[in-house]
Every structure is written in C-alpha cells, then in structure tokens.
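Coordinate inspection notes
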Amino acid sequence: MSGILAGKRILVTGVLTEASIAFQTAKVAQNEGAEVILTGFGRLSLVERIAKRLPKEAPVIELDVTNQEHLDGLADKIRAHQGDDARIDGIVHSIAFGPQGAFNFLEASWEDVSTAVHVSAYSLKSLTMACLPLMGRGSSVVGLTFDAQTAWPKYDWMGVAKAALEGTSRYLARDLGPQGIRSNLVSAGPIKSMAAKSIPGFEELADVWNHRAPIGWDLADPEPAGRGVVALLSDFFPNTTGEIVHVDGGVHMMGA
Ligand SMILES: NC(=O)c1ccc[n+]([C@@H]2O[C@H](COP(=O)([O-])OP(=O)(O)OC[C@H]3O[C@@H](n4cnc5c(N)ncnc54)[C@H](O)[C@@H]3O)[C@@H](O)[C@H]2O)c1
C-alpha cells in the first residue's frame, strides 16, 4: 500500500458519527496506507457500526479518558489486536466535552470546569502516556483545538479548556521530544458534529466563518481537518513539534 502513512499504525480516538473529525481522519489515514485502530466512548455499538463505514473496517477498543483502568489497560488491548510486534506510530486525540454549565462563563462551577479540562485537555497527556510503551522515535501525537488565542461568543470554559490543551501539547512536545516523539495540534474551523451540537449558540460562533474565511469554509465538511491531522501524523513534518496548524479557511489571521 502506498501513501504518506504507508506502514504506519495509528490509534484514532473520538469517532462517534461520520461527521466526526476523527472519522474523516481515520478514512484519509487508511487511504494513505495506515493501519487504524479506533477507540470508542460510551455507545460502543454505535462506534462499531460507524467503523464499518471506513474504507477498511477498524477494530474498536473501549476508552473513557477519565477512567484510569481503561487507560492502564489500553496498551495491552492494542497488543491483543497487533500481536508481538505491537507498535503505535501515531495517536489522534479528537476528544472534547464540556457540561452545559461550562458554557456560561461567569456562573460555571469548578465541577463543570474541571470536567471540561479533564476530558478535553489533561486527557492528551494521559492518553499519550498510556500509549508510550508502544511508541518510539518518529511517533506523532496530533490533537484538535479550536483557536484559544481569543475569546469567542458562547465557547466560554471550553475555550479555557482548549487553551489548556494547547499548553499541554507544548509541554508534551518538550518532554517527549528527547524520545523522538512529536506533539502537534490542528486548529480547525467549526464543523457541525455531535460535539458542536452540544454547544449552545454554536450557530453564532460558526457564522464568523461565513464572513471572514478568505478561502471559504464548509461547516458540513470535516475532511480538510482530517487531512491536516494526517499530514502531521506523516513523515512530512519531521522537525515540527509543539506547533498548531490552522485548518480554518484563514480566519485566524484576519483582523476583521
Ligand atoms: N466541531 C467543531 O466545530 C470543532 C472545531 C475545532 C476543534 N474541534 C475539536 O475536534 C475534536 C473532535 O470533535 P468533533 O467535532 O469531531 O465532534 P464529535 O462529537 O464527533 O467528537 C467528540 C468525541 O469526544 C468523545 N468523548 C467525549 N468524552 C469522552 C471521554 N470521556 N473519553 C473518550 N472520548 C470522549 C466522544 O465520544 C466523541 O467521539 C474535539 O477536540 C473538538 O473540540 C471541533
């Protein structure tokens, strides 16, 4: 199989529906030659059904990133699928969650905020550490952020959680760099996924892209973000780490 991920074994978290950025990432990764394993959270039968719609059906391992037992058992479950030469060349972190209370900045409780930060930011570190025994020089960790440099309408503590994710990726890049492991993020524009539907006022946030993206933006197309993730998983960014690549139609650099 040829392609920019030929021969690579990639763990993809966060597939829920075909609108998931993770689903498109897994699809592009397989088309580029990768062997993909998925992890699923909650309704595993749903994830397994979606996994059948990939170019090649991928196995699904259960993973709640807040469950230490799941994290501790992850490497062994990957070994069970891959056998003695088990190895992970790339991890896709495509996970975020904020309770409804986290979308009201001034009223949010610490409980809601801590859940958002635990699931959406700290998990990049815990997921990577869970896979570390299977990783080596040239491995790549890629996560998904929503540009946390500015304050957005409605995004509130999820925006703070994304700022934490961006910092987490930089510190991972610092600490795993000596082992030859890279950590980067794709900063995606808005996509109408399940996660987006749970953001109250998502339409208001997304409307910015209708006016400010110089090359345009399609809210219904998660594939460009998936392609960006695959590029960062590949060997075409060998000396890039702690970076955030914007796949947002150019909105991040527009002044108005
Ligand atoms: N949709 C957008 O507008 C947008 C824009 C930029 C970045 N992102 C980011 O992309 C990533 C994927 O989101 P998406 O838009 O594809 O939505 P999605 O709803 O398809 O994916 C979110 C995933 O997070 C998983 N998840 C939630 N809690 C979890 C837990 N405790 N353990 C493991 N998994 C858990 C869900 O099962 C789901 O698969 C997220 O980090 C999101 O913030 C999304």
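Computed from a prediction, not measured in an experiment: that's the story for all the values here.

1. Let's talk about the overall build of the protein chain
Counting its regular elements, the protein chain contains eight helices and seven strands. The C-alpha atoms of the protein chain give 17 Å as radius of gyration, which agrees with the globular expectation for 256 residues (18 Å, within 12%). Taken over the C-alpha atoms alone, the protein chain extends approximately 50 × 40 × 40 Å along its principal axes. In the protein chain, which comprises 256 residues, the share counted as buried stands at 51%. Nonlocal contacts in the protein chain, meaning residues at least 24 apart in sequence, comprise 76% of its contacts between residues at least 6 apart. Just so you have it, the protein chain exposes about 11,700 Å², and 52% of that area is on carbon and sulfur atoms. Charge centroids of the protein chain, computed over 22 positive and 29 negative side chains, lie 4 Å from each other.

2. Overview of the site of the ligand
Taken together, 26 residues lie near the ligand, and Gly14, Ser20, Lys162, Ile191 and Ser193 sit nearest. One nitrogen or oxygen atom from the side chain of Ser193 is found 2.5 Å from an oxygen atom belonging to the ligand. Between the ligand and the protein, one listed contact pairs an oxygen atom with a backbone N or O atom of Ala195 at 2.9 Å. Across the complex, the protein chains shield 93% of the 820 Å² of accessible surface that the ligand would expose by itself. Secondary-structure elements contributing two or more residues to the shell around the ligand are strand S5 (140–145) and helix H6 (194–197).

3. With respect to the pattern of salt bridges
Here the structure, examined in full by the defined rule, presents ten salt bridges. In this structure, Arg87 and Asp89 form a salt bridge, with 3.0 Å as the shortest nitrogen-oxygen distance. Note that Glu223 and Arg227 form a salt bridge whose closest N and O atoms lie 3.2 Å from each other. With Glu223 and Arg227 both in helix H8 (residues 223–233), this residue pair falls four residues apart, about one helical turn.

4. As for the pairing of strand S1 (residues 9–12)
A regular strand carries its side chains on alternate faces of the sheet. A two-sided burial pattern is seen for S1, the buried positions comprising Arg9 and Leu11 on one face and Ile10 and Val12 on the other. Where S1 lies against strand S2 (residues 35–40), four bridges are found, and the strand directions are parallel. Bridging from a neighbouring strand, Leu11 pairs with Ile37 of S2. Each parallel crossover has a hand, and for S1 linked through helix H1 (residues 21–31) to S2 it is right-handed. Bridge count for S1 against strand S4 (residues 90–93) is three bridges, and the pairing is parallel.

Reading guide: rules and limits
- Residues numbered from 1 in each chain as written.
- Predicted model: local features only at pLDDT ≥ 70, side-chain atom pairs only at ≥ 80, totals over all residues.
- Heavy atoms only, no water.
- Helix = DSSP H or I, 4+ residues; strand = E, 2+ residues; numbered from the N terminus.
- Rg over C-alpha atoms; globule rule 2.2 N^0.38 Å.
- Buried < 20%, exposed > 50% of the residue type's maximum accessible area, 1.4 Å probe, protein only.
- Contact = heavy atoms within 4.5 Å.
- Areas by Shrake-Rupley, 256 points an atom, 1.4 Å probe, with all protein chains shown as cover.
- Lys, Arg positive; Asp, Glu negative; His and termini not counted.
- Charge placed at Lys NZ, Arg CZ, Asp CG, Glu CD.
- Near = heavy atom within 4 Å.
- Polar contact = N/O pair within 3.5 Å; in protein donor to acceptor, adjacent residues only side chain to side chain.
- Salt bridge = Lys/Arg side-chain N within 4 Å of Asp/Glu carboxyl O.
- Pairing = 2+ DSSP bridges.
- Right-handed = clockwise from strand over helix to strand, strands pointing away.

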